[in-house]
Amino acid sequence: MATFNYTVDTNPMAQEIGSVSNHIKGTTTAVVAMQAAVISAEERAADHVCNNVNKGFFTLIRSQISQKVAKLQSEVDSHLMQLNQQRKQLLAIKGRMERDYNMISNRYGKLFNGLNQNLKQRVFELDRPTFDFAVHEMEKVSNRTKYLTATVPVTQLESLAMSQKLLLRM
């Protein structure tokens, strides 16, 4: 067999491969840098989106709460106005009832006082003899002991007789 020896100069190819290798390293570095930049940009974008979503969510919730507070405040104010109006009406009714009560109680007070005086006078007229006896005669009998101190036994007999007469009449 025949042997052939050839010398092939691989330096230019090695230099080109080295140059390509340097370019690949540069491209790799650029890809890694770009990947890091993309990751950083995605992270910033995600943070920005999350912050905006959170801000929007909290703004929405705050808006809904503000609307509910405004609605409920309106209802409370409405009820408060109604209660104040009812309070005024009740105070007016109370004042009217107090005036009516005072007027009626004065009227009936005069009426019953007049009736009491009239009935007292009638009873007094019906029982005038008894009243006269109780006031005038009993006063004389009870005062005898004061005026006739020397005749104590006689006065006692008279008092006893008078008491017995009174008892028999009743």
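Residues numbered from 1 in each chain as written. Predicted model: local features only at pLDDT ≥ 70, side-chain atom pairs only at ≥ 80, totals over all residues. Heavy atoms only, no water.

### As for the overall build of the protein
Logical step 1: Counting its secondary structure elements, the protein contains 3 helices and 0 strands.
Logical step 2: Starting at the N terminus, the α and β elements of the protein follow one another as α-α-α.
Logical step 3: Sorting the 170 residues of the protein into buried and exposed places 2% on the buried side.
Logical step 4: Entry remark: accessible area of the protein is about 15,600 Å², with carbon and sulfur atoms responsible for 62%. (Helix = DSSP H or I, 4+ residues; strand = E, 2+ residues; numbered from the N terminus. Buried < 20%, exposed > 50% of the residue type's maximum accessible area, 1.4 Å probe, protein only. Areas by Shrake-Rupley, 256 points an atom, 1.4 Å probe, with all protein chains shown as cover.)

### Details of the pattern of salt bridges
Where side chains of opposite charge bring their charged atoms close, a pairing between them can arise.
Logical step 1: Scanning the model with the defined rule gives 1 salt bridge in all.
Logical step 2: A salt bridge links Glu125 to Arg128; the nearest nitrogen and oxygen atoms lie 2.7 Å apart.
Logical step 3: Judged by relative accessible area, which is 42%, Glu125 ranks as partly exposed. (Salt bridge = Lys/Arg side-chain N within 4 Å of Asp/Glu carboxyl O.)

### What about the packing of aromatic side chains?
Geometry of an aromatic ring pair is reported as the spacing of the ring centres plus the angle between the planes.
Logical step 1: With the rule as written, the count across this model stands at 2 aromatic pairs.
Logical step 2: Between Phe57 and Phe58, the ring centres sit 5.7 Å apart and the planes meet at 65 degrees, which makes this aromatic pair edge-to-face.
Logical step 3: Phe58 sits in the exposed class, given a relative accessible area of 54%. (Phe/Tyr/Trp six-rings, centres within 6.5 Å; stacked < 30°, edge-to-face > 60°.)

### Let's talk about a nonpolar patch on the surface
Logical step 1: Among the surface-exposed residues, Met103, Ile104, Tyr108, Leu111, Phe112, Leu115 and Leu119 lie close enough to one another that they form a single nonpolar patch of about 660 Å² accessible area.
Logical step 2: Relative to the assigned elements, Leu115 resides in helix α1 (residues 11–126).
Logical step 3: Residue classification places Leu115 among the partly exposed positions, given a relative accessible area of 39%. (Patch = residues over 30% accessible without salt bridge, like charges linked within 9 Å, V, L, I, M, F, W, Y side chains within 5 Å.)

### So, the confidence of the model for the protein
Logical step 1: Averaged over the protein, the pLDDT score is 84; the fraction of residues at 70 or greater is 85%.
Logical step 2: Mean pLDDT across the elements of the protein ranges from a minimum in helix α3 (residues 152–169), with 62, to a maximum in α1, with 92. (pLDDT = per-residue confidence, 0-100.)

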